[in-house]
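# Reading the structure
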Amino acid sequence: MVNRRDFLKICAAIGTAATIELYSADIRDIFTQAIEAHAQGDKVRLIWLAGAQDTGCTISLLQGSDPDLIDVLTKFRIQLDFHQTLMIPEGEAAMKRLKDVVEDKSRVDVLIMEGAIPEGYFCTVGEIDGQPVPIEDWVKQIGGRAKYNIAVGQCAAYGGIPAAKPNPTNCRSLSEVLPDKTVINIPGCPPNPDWMTLTFAQALQGLPIELDEVGRPTAIFKETVHSGCSLLGYYEEGVFAKTLDGPGCLYKVGCKGPLARADCTVRRWNQGLNSCTTAGGCKACVEKGWPDEPFAPFYEEAADIPPSAALGIDPILIAGAATGAAAVGAVAYAEHRRRKHKKEAKKETGAEQ
Ligand code: SF4
């Protein structure tokens, strides 16, 4: 079984993509250790709020397999005090869970926010003394008391579709509503269930989570979707598909993989079956500012792909490299990936130039 230090080393060395796959049993143990280490052996108290959203993040989490959501809630001894889709209590009994936290009658350890947060009465949850309560008020009160604030999904992390221009309801992200708190962002529309499970495991264990400049765990959101794509070889050779079903790289029919940082094409989805690049192209739903330009229009070539992308080099990785040595390393890595994926892509299908 891995311990805390080993777990960190594993994440750093092989990345979260492989960590979940190879160490799922250990991750389960880490949840258990976290609970055992918790003061008085209490359960971790979790409140999951939903604002402007479509419940897709919850549905995605339900697709997790090892561990799945039932494992997370039962074996890892998390007490889910409020989740409007999954909880059994309703009406007054449900609202009491939130009121008790606000009135300091019960504690909250983790707030998970799903969905953007509209202004005032554009989105309300329950009533107090017959008056609807804006979701924004719940978020400020509960998030202000929570040890961890986690935004799941593009909408909670950056505003997403509800905050797209012209944003008439003034939808905001969790970090905009809680400017004084550290917010861990797990974007995506929806996020991969592994991203959520792994981040919850690290947070519950009290492990430091390195975040990038837009609040995402760097272990998951470091490299571009493009750099791990099985169609990268086509891109390199200028073989572009004319329709969404290919053959060839989907860049000219709107794939935004070069603009998106996430491990989708390496980890893959649906128990490793596929990713967006094998189903019509990446839309860059993990990036701040999505779905407005440069991520829109969805089915047109991006207007301003950095020139380095044309060389098969991860443009964001290069931009973030602090030294010449790091840049050289990144180029070597990109070349290695390029050759590997070119070989794989050619095996998969023949393509027309
Ligand atoms: Fe893959 Fe899209 Fe990059 Fe083409 S542009 S190689 S389809 S990620």
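Residues numbered from 1 in each chain as written. Predicted model: local features only at pLDDT ≥ 70, side-chain atom pairs only at ≥ 80, totals over all residues. Heavy atoms only, no water.

### Considerations on the pairing of strand S5 (residues 131–134)
Bridge analysis of strand S4 (residues 124–128) against S5 gives 3 bridges, and the strand direction is antiparallel. Counted as the bridge partner of Thr124 is Pro134 from S5. (Pairing = 2+ DSSP bridges. Helix = DSSP H or I, 4+ residues; strand = E, 2+ residues; numbered from the N terminus.)

### Quick notes on helix H4 (residues 91–102)
Taking 1.5 Å of rise per residue, the 12 residues of H4 would be expected to cover 16 Å, and the 17 Å separating its terminal C-alpha atoms lies within 8% of that figure. Contacts from the buried residues of H4 go to strand S1 (44–50), strand S2 (78–83), S4 and helix H5 (135–145). The first or second residue beyond H4 is Asp104, which carries a positive phi of 60°. (Expected span 1.5 Å × (residues − 1). Contact = heavy atoms within 4.5 Å.)

### Considering the state of the cysteines
If you walk through the whole model with that rule in mind, you get 0 disulfides. Considering cysteine sulfurs only, Cys123 is the nearest to Cys171, which forms no disulfide, with 8.0 Å between them. When its relative accessible area of 5% is taken as the criterion, Cys171 is described as buried. With no disulfide of its own, Cys282 lies 5.2 Å from the sulfur of Cys255, the closest cysteine sulfur. (Disulfide = S-S within 2.5 Å. Buried < 20%, exposed > 50% of the residue type's maximum accessible area, 1.4 Å probe, protein only.)

### Observations concerning the environment of Tyr251
Secondary-structure assignment places Tyr251 in the loop between helix H9 (232–237) and helix H10 (264–267). Of the residues examined, Tyr251 reaches a relative accessible area of 9% and is grouped as buried. With 25 residues separating them in the primary sequence, Tyr251 and His226 have C-alpha atoms 9.7 Å apart.

### Let's talk about the nonpolar core
Core analysis: the largest hydrophobic core is formed by 47 residues, its most contacted members being Ile112, Ile150, Val152, Ile186, Trp195 and Phe200. At the level of secondary structure, the elements contributing two or more residues to this core comprise S1, helix H2 (56–62), strand S3 (110–114), strand S6 (148–152), strand S7 (183–186), helix H8 (193–204) and H9. At 5 residues, the largest contribution of residues to this core is made by H8. Not counting residues within four places of it along the chain, the set of residues in contact with Val152 comprises Trp48, Cys57, Ile112, Met113, Glu114, Gly115, Ile186, Pro191, Met196 and Phe200. Val101, Cys123, Trp138 and Tyr158 belong to the second largest nonpolar core, which has 29 residues in total. (Core = buried A, V, L, I, M, F, W, Y, C linked by side-chain atoms within 4.5 Å.)

### Some details on unusual backbone geometry
With an omega of 5°, the peptide bond between Gly246 and Pro247 qualifies as cis. Mapping Pro247 onto the fold places it in the loop between H9 and H10. Looking along the chain, the bond that leaves Ala296 and enters Pro297 is cis, with omega of -5°. In this structure, Pro297 sits in the loop between H10 and helix H11 (315–320). Backbone geometry places Thr55, a non-glycine residue, at a positive phi of 65°. Looking at the element boundaries, Thr55 is found in the loop between S1 and H2.

### Some points on the environment of Ile161
Structurally, Ile161 can be placed in the loop between helix H6 (154–158) and helix H7 (174–177). When sequence neighbours within four positions are dropped, the list of residues in contact with Ile161 reads Cys155, Trp290 and Pro291.

### A closer look at the packing of aromatic side chains
The full count for this structure, using the stated rule, is 6 aromatic pairs. Ring plane angle 75° and centroid distance 5.7 Å describe the contact between Trp195 and Trp269, whose orientation is recorded as edge-to-face. Placement of the pair is Trp195 in helix H8 and Trp269 in the loop between H10 and H11, with a sequence separation of 74 residues. Across the pair, Trp269 and Trp195 agree in class, each one buried. Between Phe240 and Tyr251, the ring centres sit 6.0 Å apart and the planes meet at 50°, which makes this aromatic pair tilted. Of this pair, Phe240 sits in the loop between H9 and H10 while Tyr251 sits in the loop between H9 and H10, and the two are 11 residues apart along the sequence. Overall, the relative accessible area of 18% leaves Phe240 in the buried class. (Phe/Tyr/Trp six-rings, centres within 6.5 Å; stacked < 30°, edge-to-face > 60°.)

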